[in-house]
Amino acid sequence: MSFSLVDFLQALAAGILVGSAYALMCIGLGIIFGAMRVINFAQGDFLMLGMYAAFYLATAGGLSAFLGPSGGPIVAAFLAGPIVFALGWLIHRFIVARVTGAGAAQTEGAGAYGQILTTLGISLILQNGGLIVFGSAPTGIRTPLSRSSWEIGDILLNQGRSVSFLVSVGLAVAVYLFLGHTRQGKALRAAADNSQAALYMGIDVDKAHRIAWSLGVGITAVAGGLVAGSQSFQPYTGFDFVIVMYAGVVLGGLGSILGAFWGGLLIGVVQQMSTLVLPYQLQNTAIFVVFLLIIFLRPQGMFGRLSERT
């Protein structure tokens, strides 16, 4: 199958735009794993909650009527983050904290198996709860941006995904600065690197884990709100994205926020570039071929050697 330079550049541009949203999802998951060493199987379902939160804020909440059909959904995506952050805080406080953190270290049922079963249970509750509350019919946020494109030479850039790219990069930079240059961010990193030493230094490790969990699901919810403007979704949509998130985090290097960003971006580029030579249905196959190659050649991920946690 042959393709032109314009086709190549178009697919590359589309991959970068799509990959920016994937990168934001991966950052959220990377924060949770980096700080808590918890494999959160419910991360995709928090993404789904972000989609629905953005949808109802933009429609029933009146943001689209107040800020317009283009600005309303973007603001709604931002506001979905604090809403899911608060829900994540409660879920960690009353459920996840029972099997993670310093207080649960000696508790029967804590550890990897307890954490896996707990997050799987949360995932099932969110999926089926979403099915009861939201229904099974696919929905989406109608926005003029998703149906319009900017022309740069022969390259078309979807306006909705371009705005999503700018928001994703801006939020990723803000998270990076928060973790590296604020007192709370440094406390969170200290709790991640050595929880016992952090306790001796007076850091509340359980609170740090709660912030990491809530921040991680909140950031992923914002990514969900951004994606909701360009594709339809339903309560089981999260499963489609959780595989992409874990692939991106592992590709970048487990525990590395910078690696999670580039891993998610690479996933988007590979997914879109694969359409040049493969049928649409085999996009995910291309992702996992690249995933296996990087794991085979560089098991620690792209940024694993630079820093275990950043």
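Residues numbered from 1 in each chain as written. Predicted model: local features only at pLDDT ≥ 70, side-chain atom pairs only at ≥ 80, totals over all residues. Heavy atoms only, no water.

A. Molecular detail of the overall build of the chain. Helix and strand content of the chain: 11 helices and 2 strands. In the chain, the succession of α and β elements from N to C terminus is α-α-α-α-β-β-α-α-α-α-α-α-α. Computed over C-alpha atoms, the radius of gyration of the chain comes to 19 Å, within 12% of the 19 Å expected from 2.2 N^0.38 for 310 residues, which places it in the range of a compact globule. Referenced to the eigenvectors of the C-alpha coordinate spread, the extents of the chain come out at roughly 60 × 50 × 35 Å. Across the 310 residues of the chain, 49% fall into the buried class. When contacts within the chain are restricted to residue pairs at least 6 apart in sequence, long-range pairs at least 24 apart make up 76% of them. Accessible area for the chain stands at about 14500 Å²; split by element, carbon and sulfur atoms hold 67% of it. Across the chain, the mean location of the 14 positive side-chain charges is 9 Å away from that of the 10 negative side-chain charges. (Helix = DSSP H or I, 4+ residues; strand = E, 2+ residues; numbered from the N terminus. Rg over C-alpha atoms; globule rule 2.2 N^0.38 Å. Buried < 20%, exposed > 50% of the residue type's maximum accessible area, 1.4 Å probe, protein only. Contact = heavy atoms within 4.5 Å. Areas by Shrake-Rupley, 256 points an atom, 1.4 Å probe, with all protein chains shown as cover. Lys, Arg positive; Asp, Glu negative; His and termini not counted. Charge placed at Lys NZ, Arg CZ, Asp CG, Glu CD.)

B. Here's a closer look at the pairing of strand β2 (residues 155–158). Across 4 bridges, strand β1 (residues 149–152) lies against β2 in antiparallel orientation. From the neighbouring strand, glutamate 151 faces β2, where its bridge partner is leucine 156. The turn joining β1 and β2, which pair antiparallel and follow one another in sequence, is formed by 2 residues; a positive phi near 65 degrees is taken by glycine 153. (Pairing = 2+ DSSP bridges.)

C. View of a nonpolar patch on the surface. A contiguous nonpolar surface patch, about 470 Å² in accessible area, is contributed by Phe66, Leu67, Val75, Phe78 and Leu79. Mapping valine 75 onto the fold places it in helix α3 (residues 63–94). (Patch = residues over 30% accessible without salt bridge, like charges linked within 9 Å, V, L, I, M, F, W, Y side chains within 5 Å. Salt bridge = Lys/Arg side-chain N within 4 Å of Asp/Glu carboxyl O.)

D. Structural view of the layout of surface pockets. Of the pockets and cavities examined, the largest pocket occupies roughly 650 Å³. Taken together, 30 residues line the largest pocket, and the ones lying closest to its centre are Tyr22, Arg161, Val227, Gln231 and Phe241. Mapped by element, the contributors of at least two residues to the lining of the largest pocket are α1 (5–36), α3, α5 (159–181), α8 (205–227), α9 (238–252), α10 (257–273) and α11 (283–297). In terms of residue count, the dominant contributor to the lining of the largest pocket is α1 (4 residues). (1 Å grid on protein atoms, 1.4 Å probe; cavity = no way out; pocket = protein on both sides within 12 Å on 5 of 7 lines; lining within 4 Å. Points joined across faces, edges and corners; volume = space filled by probe spheres on them.)

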